[in-house]
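An overview of the molecular structure
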Amino acid sequence: MKKQLLALAVTSAFAVPAMAQNVTLSGVIDLSPYQIDNIEHKASATAATNETKRASTTNAVANGGFVTSVLNFTGTEDLGGGLRATFFVNQSLNGNTGALGGRDMWLQLNGGFGAFKLGRYHPNINGYGGFSSTGSSNLAGSTDFSGFGLIGGSLGADQTRATQTGTVNRAAGGDFARQPGVLQYTTPSFSGLTGWVEYISNSTDASETNGKDKAAQYGLGANFVRGPLTLAAGYGSRDVDSEAATPTNREAKVFWLGARYNFGVAEVQYSYGDREDKSNANADTGFANGVQRKTSDITVHTIGVRVPLGSAQLFANFFDGEDKRDGTSTLKTDLSGFQLGARYNLSRRTYLYFVHGKNESDRSSYLIERTNTALGLVHTF
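Presented here is an overview of the structure given in this document. Small disclaimer: the values here were computed from a predicted structure and weren't measured. (Residues numbered from 1 in each chain as written. Predicted model: local features only at pLDDT ≥ 70, side-chain atom pairs only at ≥ 80, totals over all residues. Heavy atoms only, no water.)

1. Points about the overall build of the protein
The helix and strand inventory of the protein stands at 2 helices and 20 strands. Taking as baseline every contact in the protein between residues at least 6 positions apart, the subset at least 24 positions apart corresponds to 58%. When the accessible area of the protein is evaluated, it comes to approximately 19200 Å², of which 59% is carbon and sulfur surface. (Helix = DSSP H or I, 4+ residues; strand = E, 2+ residues; numbered from the N terminus. Contact = heavy atoms within 4.5 Å. Areas by Shrake-Rupley, 256 points an atom, 1.4 Å probe, with all protein chains shown as cover.)

Here it is, written out as structure tokens:
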């Protein structure tokens, strides 16, 4: 008996401590019984085409118009010594078909040193879109809305127009947002101040004839939170090289500032964004390959306000900017948009919303207007 107790004691002394792991399931469902997405192209008297219009109205339960419906799996494990591991897997939910779509998958190590994060997700440079009245980019009126995104590269870009000629690829450097292979480091908080740096490198070796396509991107920035005040800044650079028969190089740089202050009766947000793209590809510039030219030079200002009224909340968002790229004056573009809406909380997890937004891209030869209106219901779990 004594030998058995002694053996048990020795085994326990050298056993590796069991670490607790917690896995949670969460998500968001946004369904909208009423949505309108409308795009208009208005040509001037000197343009080669007349006005065209595309409108779609949905009266059945459809994909959300306010946030993205998602299913999240999150897990944490205490590794001991102040070290913690976290994983996150995120799938979109299609309200029309019920199908899942891949979004994020990452692993993170946290400790006194800060946090290292690796995987597929929106890098921190994408945080610019959070400084609007809704914090959402799913509906027109945001500078990160689909088709009018500063980080995605389509703000000021030529929207779909079948008969349009003489266009340029304004966002030559490509999309700074969600992509695989993101490696990010975030510092610990120093009296509310944190910093971050990230790096992404991807390459595709298509064939011996076409050579490699290589993309390298990095970003850095900082966040400061003190009571009702939040300040943030981010900078990113992206370089894309193609070793095809005629080698090309595309570059993009993004810089932004964001601020918000909660006065109690209302919260006010402000952001400033700047993006510049360069390319030596004929498809981007309209000139012979090898001539490096700007394809975009965008500056934009956004201001928003959110007002709580008991269980309700009103919000408004406005932005104004321009793409002053070099070249002919006909390629310079005025950019503007607004977003108005309201939400009503039925509980802590469920709310109704109504939102209407409009984005404009105004060039001397034509005007593009995109408007969205949506009414829907959101539940989080």
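Let's pick the thread back up.
2. Concerning the pattern of salt bridges
Applying the stated criterion to the full structure yields 9 salt bridges. As a salt-bridge pair, Glu276 and Lys278 come within 3.9 Å of each other at their nearest N and O atoms. Note that Lys294 is salt-bridged to Glu276, the shortest N-O span being 3.3 Å. On the criterion of sequence distance, the pair formed by Lys294 in strand E16 (residues 293-309) and Glu276 in strand E15 (residues 267-279) is long-range, its members being 18 residues apart. A single salt-bridge network, built from bridges that share partners, covers Glu276, Lys278, Lys294 and Asp297. (Salt bridge = Lys/Arg side-chain N within 4 Å of Asp/Glu carboxyl O.)

3. Describing the nonpolar core
Ranked by size, the top nonpolar core spans 23 residues in total, and within it Ile125, Tyr128, Ile151, Leu155, Phe176 and Trp256 carry the most contacts. Residue assignment for this core shows that the elements contributing at least two residues are strand E14 (248-262), E16 and strand E20 (366-380). The greatest single-element share of this core, amounting to 3 residues, is contributed by E14. If sequence neighbours within four positions are ignored, Ile125 has contacts with Ile151, Phe176, Trp196, Glu198, Gln217, Gly234, Tyr235, Gly236, Val254 and Trp256. Val28, Phe66, Phe315 and Ala374 belong to the second-largest nonpolar core, a separate cluster that totals 10 residues. (Core = buried A, V, L, I, M, F, W, Y, C linked by side-chain atoms within 4.5 Å. Buried < 20%, exposed > 50% of the residue type's maximum accessible area, 1.4 Å probe, protein only.)

4. Some thoughts on the packing of aromatic side chains
One pass over the full model with this rule turns up 10 aromatic pairs. Relative to Tyr351, the ring of Phe66 has its centre 6.2 Å away and its plane inclined at 80°; by these criteria the two rings are edge-to-face. Taken together, the positions of Phe66 in the loop between strand E3 (62-63) and strand E4 (70-80) and Tyr351 in strand E19 (residues 350-363) put the pair 285 residues apart, joining distant regions of the chain. You'll find Phe66 and Tyr351 in the same group, each marked buried. One aromatic cluster is present, built from ring pairs that chain together Phe66, Phe315, Tyr351 and Tyr353. Over the face of the ring belonging to Phe131 we find Arg260, whose NZ or CZ atom lies 4.4 Å from the ring centre. Sitting above the plane of the Tyr351 ring, Arg343 keeps its charged end 3.6 Å from the centroid. (Phe/Tyr/Trp six-rings, centres within 6.5 Å; stacked < 30°, edge-to-face > 60°. Lys NZ or Arg CZ within 6 Å of the ring centre and 35° of its normal.)

5. A closer look at unusual backbone geometry
Its identity is not glycine, yet Ser191 carries a phi of approximately 55°, on the positive side. In this fold, Ser191 is placed in the loop between strand E10 (179-186) and strand E11 (193-207).

6. Focus: a negative patch on the surface
Taken together, the side chains of Asp320, Glu322, Asp334 and Asp362 make up a negatively charged region of the molecular surface. Here Asp320 is to be found in strand E17 (residues 312-323). (Patch = residues over 30% accessible without salt bridge, like charges linked within 9 Å, V, L, I, M, F, W, Y side chains within 5 Å. Lys, Arg positive; Asp, Glu negative; His and termini not counted. Charge placed at Lys NZ, Arg CZ, Asp CG, Glu CD.)

7. Concerning a nonpolar patch on the surface
A cluster of nonpolar side chains, namely Tyr261, Phe263, Val265, Val268, Tyr270, Ile303, Phe318 and Leu340, defines an oily patch on the protein surface of about 740 Å² accessible area. Position of Phe318 among the secondary structure elements: in strand E17. Residue Phe318 is classed as partly exposed on the basis of its relative accessible area, which comes to 41%.

8. Remarks on the pairing of strand E7 (residues 114-121)
With 7 bridges joining them, strand E6 (residues 100-111) and E7 adopt antiparallel strand pairing. Counted as the bridge partner of Asn110 is Ala115 from E7. Hairpin connection, E6 to E7: the antiparallel pair is bridged by 2 residues. Here E7 pairs with E10 via 6 bridges, running antiparallel. (Pairing = 2+ DSSP bridges.)

9. A look at the side chain of Asp30
Within the element layout of this structure, Asp30 appears in strand E1 (residues 21-43). Buried and without a salt bridge, Asp30 has Arg343 as its closest oppositely charged side chain, separated by 10.0 Å. Within the structure, the side chain of Asp30 is placed 3.0 Å from the backbone nitrogen of Phe66, a separation counted as a polar contact. At 2.9 Å, the side chain of Asp30 forms a polar contact with the backbone nitrogen of Val67. (Polar contact = N/O pair within 3.5 Å; in protein donor to acceptor, adjacent residues only side chain to side chain.)

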